[in-house]
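# Residue-level structural notes
Read off the chains here:
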Amino acid sequence: MLWGVSGPVFLLDYVAGVAGALAIALSVRALVGWRTRGEPLSTVELAYLTDRAGLACQVGMAALRRAGVVQLGELATLSVDGPPPPGSAPLVRALHAALRRPQTWAAVLADPGVGRALRRLVGRLVRDGWLLTPGQRRRLALGTLPLFAVAAVGVTRLVDSAVEGRTAGGPASVVGLLLCCLATVLGGWWLCEVPETGAAARRLLRRQRCTYAELAPERRPAWSERGTDELLTAMAVFGPRPLLAVDPRFAELVGVDAERTRPREYAKTAR
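Residues numbered from 1 in each chain as written. Predicted model: local features only at pLDDT ≥ 70, side-chain atom pairs only at ≥ 80, totals over all residues. Heavy atoms only, no water.

## Points about the layout of surface pockets
Where we set the bar: Method remark: on a 1 Å grid restricted to protein atoms, a set of points is classed as a cavity if a 1.4 Å probe fits but cannot get out and as a pocket if it is open with protein on both sides within 12 Å along at least five of seven lines; lining residues have an atom within 4 Å of a point. Grid points are joined across faces, edges and corners, and a volume is the space filled by probe spheres set on the points. A run of H or I in DSSP counts as a helix once it spans at least four residues, and a run of E counts as a strand once it spans at least two, with each numbered from the N terminus. Each residue is assigned to one of three groups, with Ala, Val, Leu, Ile, Met, Phe, Trp, Tyr, Cys and Pro labelled nonpolar, Asp, Glu, Lys and Arg labelled charged, and all others, Gly among them, labelled polar.
What the second largest pocket holds in volume is close to 200 Å³. Taken together, Ser-42, Thr-43, Val-44, Val-59, Ala-63, Pro-85, Pro-86, Gly-87, Ser-88, Ala-89, Val-92 and Leu-232 form the lining of the second largest pocket. Counting residues per element, the lining of the second largest pocket draws most heavily on helix 2 (residues 43-66), which supplies four residues. Per-class residue counts for the lining of the second largest pocket are eight nonpolar, four polar and no charged.

Structure representation (structure tokens):
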């Protein structure tokens, strides 16, 4: 018996260690960023949590378009004709200001005023706990260290067995330990992908997808019968596909890709 422990007993202990380390990693992930403060999120801020700056700007432009403010011009340009809707979010007002002269979508995104509005939006989301700070993201990454430590113990046993010419158990125990070590390393590597959003933000997004499930693109809702608020909410929660359905030319001009209309985070949780 290597290390005074038989192969089957060590394998059971190893699996128990993996379960404990996995529980630690998942607990850290569930607790970091679980509390928020401040006012409720606007539709634009919700869109940023779903798929970052690109979707937030597309939702802001859709709000202007549905208000009859944005006009389509020549050479793939956009412009505004009229004031922004009352009570518009700062990012929507920045987009409106950028379009006082005809601009392409790339020029709008590069506009300094839009950049400042996005930085303020991100600052508010970080301050209120919806987005994680660098320190919080480091804590999430460190929460996976127990998994790698357990994997290191298993690999050390296998290497020690090979070097010393001693048995780490029967063939089944050795193969099982090898596969468990591989699975542990892969699981730890997967958990090392730290999200930008906190636990509260991820919980909110899941709740919003359940609340507005009838607006999901998979349900093929009749957008001609839906109002502006429902359209913007559906974009903020599920991605820009609703805009592609109601205004394809405008959607194309603001960078909606027909081949990729599902946000990264939504696509992950949907699988």
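Moving on from the model shown.
## Here we look at a positive patch on the surface
Using the following cut-off: Patch building starts from residues that exceed 30% relative accessible area and form no salt bridge, then joins like charges within 9 Å and nonpolar side chains (Val, Leu, Ile, Met, Phe, Trp, Tyr) within 5 Å. We get accessible surface area from the Shrake-Rupley algorithm with a probe of 1.4 Å; when it comes to residues, only the shown protein chains can shield them. Think of a salt bridge as a Lys or Arg side-chain nitrogen and an Asp or Glu carboxyl oxygen that are within 4 Å of each other. Asp and Glu are treated as the negative residues and Lys and Arg as the positive ones, with His and the ends of the chain left uncounted. Charge positions are represented by NZ for Lys, CZ for Arg, CG for Asp and CD for Glu.
On the surface, a cluster of positive charge is contributed by Arg-93, Arg-116, Arg-119 and Arg-120. The element best represented in the positive patch is helix 5 (residues 112-127), accounting for three residues. Secondary-structure assignment places Arg-93 in helix 3 (residues 90-98).

## Digging into empty space enclosed by the protein
In this structure the tally under the stated criterion is two cavities of 30 Å³ or more. There is about 30 Å³ of room inside the second largest cavity. Taken together, Ala-25, Arg-29, Leu-140, Gly-143, Thr-144 and Leu-191 form the lining of the second largest cavity. Within the lining of the second largest cavity, the residues separate by chemical class into three nonpolar, two polar and one charged.

## Some thoughts on the pattern of salt bridges
The criterion, for reference: Burial classification: accessible surface area is computed with a 1.4 Å probe over protein chains only, and a residue below 20% of its type maximum counts as buried, one above 50% as exposed, and the rest as partly exposed.
What the rule picks out here adds up to seven salt bridges. In this structure, Arg-65 engages Asp-247 in a salt bridge whose closest nitrogen and oxygen atoms are separated by 2.8 Å. Of this pair, Arg-65 sits in helix 2 while Asp-247 is found in the loop between helix 11 (241-246) and helix 12 (248-253), placing the two residues 182 residues apart along the sequence. Residue class for Arg-65 comes out partly exposed when judged on its relative accessible area of 23%. In this structure, Asp-128 and Arg-124 form a salt bridge, with 2.7 Å as the shortest nitrogen-oxygen distance.

## A short note on the side chain of Gln-103
Formally: Note on contacts: a residue pair is in contact if any heavy atoms of the two residues lie within 4.5 Å.
Mapping Gln-103 onto the fold places it in the loop between helix 3 and helix 4 (105-109). Taking relative accessible area as the criterion, Gln-103 reaches 19% and is therefore assigned buried. Discounting chain neighbours no more than four positions away, the residues touching Gln-103 are Ala-76, Thr-77, Leu-78, Ala-98 and Val-108.

## What to know about helix 10 (residues 228-238)
With eight of 11 residues buried, helix 10 is to be regarded as a mostly interior element. Looking only at helix 10, the buried set comprises Leu-231, Leu-232, Thr-233, Ala-234, Met-235, Ala-236, Val-237 and Phe-238. Note on helix 10: the residue one or two positions beyond its end, Gly-239, has a positive phi of about 105°.

## Remarks on unusual backbone geometry
Even without a glycine there, the phi angle at Ala-76 is positive, about 60°. Within the chain, Arg-220 stands out as a residue other than glycine whose phi angle is a positive 50°. Accessibility expressed as a relative area gives 74% for Arg-220, which makes it exposed.

## A short note on the environment of Leu-91
Its location among the elements puts Leu-91 in helix 3. Put simply, Leu-91 and Val-44 are 47 residues apart on the chain and 7.8 Å apart in space, counted from C-alpha to C-alpha. Sequence-distant contacts of Leu-91, defined by excluding residues within four places in its chain, comprise Val-44, Ala-56, Cys-57, Val-114, Ala-117, Leu-118 and Leu-121.

## Overview of the packing of aromatic side chains
Put simply, the test is: Stacked, edge-to-face and tilted labels apply to pairs of Phe, Tyr and Trp rings (six-membered ring for Trp) whose centres lie within 6.5 Å, assigned for plane angles under 30 degrees, over 60, and everything in between, in that order. Note on criteria: charge over ring means Lys NZ or Arg CZ within 6 Å of the ring centre, with the direction from the centre no more than 35 degrees off the ring normal.
The tally for this structure, following the rule as stated, stands at zero aromatic pairs. Looking at Arg-157, its charged tip hangs above the ring of Phe-10, at a distance of 4.3 Å from the centre.

## Some details on the nonpolar core
Selection rule: Residues enter a nonpolar core if they are buried and are Ala, Val, Leu, Ile, Met, Phe, Trp, Tyr or Cys, with the set joined through side-chain atoms within 4.5 Å.
One finds Met-61, Leu-78, Leu-91 and Val-114 to be the most contacted residues of the largest nonpolar core, which totals 54 residues. Top contributing element to this core by residue count: helix 2, with 13 residues. In terms of nonpolar packing, the next biggest core, distinct from the first, is built from 13 residues, Val-18, Val-150, Leu-177 and Leu-191 among them.

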